[in-house]
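Listed below, chain by chain, are the residues.
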Protein chains: 2
Amino acid sequence: MFSKACKYAIKAMIYLSSRSDENLKIGLREIAEEIDSPEPFTAKIMQTLTKQQLVNSTKGPHGGFFIEAGAPEIKLIEVVKAIDGLQFVSGCGLGLKRCSETHPCPIHFEYSQIRDAMLNLLEQQSIQSLANELQAGNSVLKQHLD
Amino acid sequence: MFSKACKYAIKAMIYLSSRSDENLKIGLREIAEEIDSPEPFTAKIMQTLTKQQLVNSTKGPHGGFFIEAGAPEIKLIEVVKAIDGLQFVSGCGLGLKRCSETHPCPIHFEYSQIRDAMLNLLEQQSIQSLANELQAGNSVLKQHLD
DNA sequence: TATATTTCGGATATTTTTGTCTTTTATTCT
DNA sequence: AGAATAAAAGACAAAAATATCCGAAATATA
Ligand code: FES
Ligand code: FES
């Protein structure tokens, strides 16, 4: 569904948002720790997100990543777009060169409905609202397995 | 969503089914041609499908792949399971070690609904019925782009 | 200014997926 | 039996995704 990089990105964004209310910058180490991701790989992803202007960053002591306070809501689709691109929400489920109503693959009509539901989810849900649920303790970003 | 191998597998199965009514065996070359897939890679996939008993094969002249006539319907999920495994229809959308109602990731409730719809599709749809639609000209397995 | 901190950028390494090639084995036909 | 055909099996190659490392640049603090 999503690449690992994209999953890390989404979780990082949600975590960041859940801690960015204050004028707080979050370091790479903390992010990787809290979303249970490999630190150097996460660094690359954060670089991409920064270049795509989805997060801000500052270097140096007390530097780190943060989401501009008072910034407009960031929808999930924007994060997916930045990391994985939009192929998955528009492409054919069986890999035809283009998804088409007039020359559909065998599962087009069933598949495209589900794909559109996913697209809808990504367009509706925002990082901020998911972060609120996280803060409220209604969801988690990592699990402690014994 | 599905790996390329899995997409090739599904298309190969549907094509095979659409031609297997008669006691007809289909060669690798024809399959790869008709589903627009790399021949040697497709060979590997067909080997797997054969080992998993989803198709039969015979060697030698006029040999090839075929689906046992009068065999019970093959559901899409069986093909996906044989090639990609079931991780995607049961795993967490954000990569948590397990998908859980009690310790859900931020998108669990929306995501799992869509994932279950996909699972439902895979469990309902059979290779044979999709092959019928293909034969009826209602779908295609490859496109000719200029 | 000097030092410590932290991201940035580029190079490199590993793993997985995708794809290819060659030899062997089974089967059919002559 | 011998020749031709086609899949099976295993080794190999290329590409992409995932992950790591290190020096450079920026920033805060002393
Ligand atoms: S053509 Fe395959 S999903 Fe639309
Ligand atoms: S916990 Fe993430 S999808 Fe269920």
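Up top is the structure.
Predicted model, so just to flag it, every value in this text is computed and none were measured.

Draft legend 1. How the structure looks around the overall build of chain A. On a plain count of helices and strands, chain A comes out with seven helices and two strands. Ordered by position in the sequence, the α and β elements of chain A form the string α-α-α-β-β-α-α-α-α. In terms of overall dimensions, chain A has C-alpha extents of about 55 × 35 × 30 Å along its principal axes. For chain A, the proportion of its 146 residues judged to be buried stands at 47%. Across chain A, contacts joining residues at least 24 apart in sequence account for 65% of those joining residues at least 6 apart. For chain A, the accessible area works out to roughly 7500 Å², and carbon and sulfur atoms hold 48% of it. Of the side chains in chain A, 15 bear a positive and 17 a negative charge, and the two mean positions are spaced by 9 Å.

Draft legend 2. Highlighting the protein's contact with DNA strand D. Around DNA strand D, the structure places 26 residues, and the nearest of them are P61 of chain A together with L28, K44, Q47 and S57 of chain B. The protein-proximal atoms of DNA strand D, defined as those within 4 Å of the protein, are 61% sugar or phosphate. Here a phosphate oxygen of DNA strand D sits 3.3 Å away from a polar atom, N or O, in the side chain of Y8 of chain A. When residues of the surface near DNA strand D are traced back to their parent elements, those giving at least two are α1 (4–19) and α3 (39–51) of chain A together with α3 (39–51), β1 (56–58) and β2 (64–66) of chain B. Residue classes in the surface near DNA strand D are distributed as ten nonpolar, eleven polar and five charged.

Draft legend 3. Main features of the interface of chain A and chain B. Residue-level contacts link 37 residues of chain A with 37 residues of chain B. With both chains or domains summed, chain A and chain B bury close to 3400 Å², and 70% of this area falls on carbon and sulfur atoms. Joining chain A to chain B, the criterion identifies two salt bridges. A salt bridge links D36 of chain A to K97 of chain B, with the nearest nitrogen and oxygen atoms 3.2 Å apart. In this assembly, chain A and chain B are joined by 14 residue pairs in polar contact (both at pLDDT 80 or more). Put simply, the parts of the chain that give the side of chain A that touches chain B at least two residues each are α1 and α6 (108–124) of chain A. For the side of chain A that touches chain B, the leading source of residues is α6 of chain A, giving six residues. Partitioned by chemical class, the residues of the side of chain A that touches chain B number 22 nonpolar, eight polar and seven charged.

Draft legend 4. The arrangement of the packing of helix α1 (residues 4–19) of chain B against α3 of chain B in detail. Residues and elements named next belong to chain B. Between α1 and α3, the least distance of the axes is 10 Å, while the angle of their chain directions is 70°. Looking at the two axes, α1 sits roughly perpendicular to α3. Judged by residue contacts, A5, Y8, A9, A12, M13 and L16 of α1 engage F41, I45, M46 and L49 from α3.

Draft legend 5. Layout of the protein's contact with DNA strand C. Neighbouring DNA strand C are 25 residues; L28, K44 and S57 of chain A together with F41 and P61 of chain B lie closest to it. Among all atoms of DNA strand C positioned within 4 Å of the protein, those belonging to sugar or phosphate total 62%. Here a base oxygen of DNA strand C and a side-chain polar atom of K44 of chain A are 2.6 Å apart. The side chain of Q47 of chain A places a nitrogen or oxygen atom 2.9 Å from a base nitrogen of DNA strand C. Among the elements of the structure, α3, β1 (56–58) and β2 (64–66) of chain A together with α1 and α3 of chain B are those that each provide at least two residues to the surface near DNA strand C.

Draft legend 6. View of the relation of the copies chain A and chain B. Once turned by 180° and shifted 0.0 Å along the axis, chain A lies on chain B with an RMSD of 0.1 Å. What the superposition gives is, in effect, a two-fold axis relating one chain to the other. Judged by C-alpha distance, M1 of chain A is the residue of chain A that lies nearest the rotation axis, at 2.2 Å. Comparing contact sets, 100% of the residues at the interface of chain A also lie at the interface in chain B, consistent with an isologous, same-surface contact.

Draft legend 7. Seen up close, the side chain of S100 of chain A. All names here are of chain A. You can see S100 is positioned in the loop between α5 (87–90) and α6. A residue is classified by how much of its surface remains accessible, and S100, at 11% relative accessible area, is buried. There is a polar contact of 3.1 Å between the side chain of S100 and the backbone nitrogen of T102. Within polar-contact distance, the side chain of S100 engages the backbone nitrogen of H103 at 2.8 Å.

Rules used in this analysis
Residues numbered from 1 in each chain as written. Chains lettered and ligands numbered in written order. Predicted model: local features only at pLDDT ≥ 70, side-chain atom pairs only at ≥ 80, totals over all residues. Heavy atoms only, no water. Helix = DSSP H or I, 4+ residues; strand = E, 2+ residues; numbered from the N terminus. Buried < 20%, exposed > 50% of the residue type's maximum accessible area, 1.4 Å probe, protein only. Contact = heavy atoms within 4.5 Å. Areas by Shrake-Rupley, 256 points an atom, 1.4 Å probe, with all protein chains shown as cover. Lys, Arg positive; Asp, Glu negative; His and termini not counted. Charge placed at Lys NZ, Arg CZ, Asp CG, Glu CD. Near = heavy atom within 4 Å. Polar contact = N/O pair within 3.5 Å; in protein donor to acceptor, adjacent residues only side chain to side chain. Nonpolar A, V, L, I, M, F, W, Y, C, P; charged D, E, K, R; others polar. Buried area = accessible area lost by both parts, 1.4 Å probe. Salt bridge = Lys/Arg side-chain N within 4 Å of Asp/Glu carboxyl O. Axes fitted to C-alpha atoms, helices over the stretch in contact; angles between N-to-C directions. Parallel < 35°, antiparallel > 145°, perpendicular 65-115°, else oblique. Least-squares fit on C-alpha atoms with pLDDT ≥ 70 in both.

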